[in-house]
Amino acid sequence: MPVFPAQLDQLKAAARQASQQAYAPYSKFKVGAAILTRTGKIYAGCNVENASYGLCNCAERTAIFNAVAAGEKKLKIECVAIYTPTTEPTAPCGACRQVINEFGPKARIVSTCRGRSVLDATLDQLLPNAFGPGNLSK
Ligand code: THU
């Protein structure tokens, strides 16, 4: 489903706001993300790091887990916005691509930054031939 320009603006703003909540004392790389559900709701998240580095959780997954924890039983993700205060946009990591696939295999991914450059792609472009829930039932 297409995302209306006004919704996309809201989603990008939510991602930018969320980046300010990032807990990133180790990498100092603050990331914000926001997801738009098929029902038009927005959930945001930031990265949350840990002294045990491997436990760091990305902003994208925080946003998705936030939606599920809020009670989204049949979560369908239409669009994911990401924001980093960098000069170039940040692409979601492999783990996040896989988690986005679970709820939004056709999702649009829009990453913005301090600079003008924007990454605008579909999850399918970023994670072709993904393994997903459908594979388990075949
Ligand atoms: N990070 C995200 O939150 N999202 C991304 O798309 C890329 C990486 C976080 C993880 C870690 O807290 C920091 O950025 C540096 O990798």
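Below you will find a few notes about this structure. The shown structure was predicted, so the numbers you read here are calculated from the model rather than taken from an experiment.

1. Things to note about the overall build of the protein
Per the secondary structure count, the protein includes five helices and five strands. In sequence order, the protein lays out its α and β elements as α-β-β-α-β-α-β-β-α-α. The globule rule puts the C-alpha radius of gyration for 138 residues at 14 Å, and the 14 Å found for the protein is close to it. Overall, the C-alpha framework of the protein stretches about 45 × 35 × 30 Å when taken along its three principal axes. Scored against the burial criterion, the 138 residues of the protein give a buried share of 43%. Looking at the protein alone, contacts between residues at least 24 apart form 61% of all its contacts between residues at least 6 apart. For the protein, the computed accessible surface area is about 7900 Å², with 55% contributed by carbon and sulfur atoms. Distance from the positive charge centre (16 side chains) to the negative charge centre (9 side chains) of the protein: 3 Å.

2. Some words on a nonpolar patch on the surface
Together, Tyr-23, Tyr-26, Val-48 and Tyr-53 give the surface a local cluster of nonpolar side chains, amounting to about 430 Å² of exposed area. By the secondary structure assignment, Tyr-26 is in the loop between helix H1 (5–19) and strand E1 (32–37).

3. Concerning the pairing of E1
Among the six residues that make up E1, six are buried, leaving the element largely enclosed by the rest of the structure. Here E1 shows no split at all, with Gly-32, Ala-34 and Leu-36 on one side and Ala-33, Ile-35 and Thr-37 on the other all buried. In the sheet, E1 pairs with strand E2 (residues 42–46) via five bridges, with the strands oriented antiparallel. The residue of E2 that forms the bridge with Ile-35 is Tyr-43. Linking E1 back to E2 in an antiparallel pair, the connection comprises four residues, with Gly-40 at a positive phi of about 90°.

4. Considering helix H3 (residues 94–103)
Every buried residue belonging to H3 is among Cys-96, Arg-97, Val-99, Ile-100 and Asn-101, and all of these are buried. Contact partners of the buried residues in H3: helix H2 (59–69), strand E3 (77–84), strand E4 (108–113) and helix H4 (123–126).

5. Overview of the site of the ligand
Taken together, Ser-27, Phe-29, Val-31, Asn-47, Glu-49, Cys-58, Ala-59, Glu-60, Thr-90, Ala-91, Pro-92 and Cys-93 form the complete shell of residues around the ligand. Here an oxygen atom of the ligand sits 2.5 Å away from a polar atom, N or O, in the side chain of Glu-49. Alone, the ligand offers 370 Å² of accessible surface; in the complex the protein occludes 80% of this. Its residues assigned to classes, the shell around the ligand comprises seven nonpolar, three polar and two charged.

6. A word on the side chain of Glu-60
With respect to the helices and strands, the residue Glu-60 is situated in helix H2. The side chain of Glu-60 is buried and forms no salt bridge, while Arg-61, the nearest opposite charge, is found at 6.5 Å. Filtering out sequence-adjacent residues up to four positions away, Glu-60 remains in contact with Val-31, Ala-33, Val-80, Ile-82, Pro-92 and Cys-96.

Parameters and conventions
- Residues numbered from 1 in each chain as written.
- Predicted model: local features only at pLDDT ≥ 70, side-chain atom pairs only at ≥ 80, totals over all residues.
- Heavy atoms only, no water.
- Helix = DSSP H or I, 4+ residues; strand = E, 2+ residues; numbered from the N terminus.
- Rg over C-alpha atoms; globule rule 2.2 N^0.38 Å.
- Buried < 20%, exposed > 50% of the residue type's maximum accessible area, 1.4 Å probe, protein only.
- Contact = heavy atoms within 4.5 Å.
- Areas by Shrake-Rupley, 256 points an atom, 1.4 Å probe, with all protein chains shown as cover.
- Lys, Arg positive; Asp, Glu negative; His and termini not counted.
- Charge placed at Lys NZ, Arg CZ, Asp CG, Glu CD.
- Patch = residues over 30% accessible without salt bridge, like charges linked within 9 Å, V, L, I, M, F, W, Y side chains within 5 Å.
- Salt bridge = Lys/Arg side-chain N within 4 Å of Asp/Glu carboxyl O.
- Pairing = 2+ DSSP bridges.
- Near = heavy atom within 4 Å.
- Polar contact = N/O pair within 3.5 Å; in protein donor to acceptor, adjacent residues only side chain to side chain.
- Nonpolar A, V, L, I, M, F, W, Y, C, P; charged D, E, K, R; others polar.

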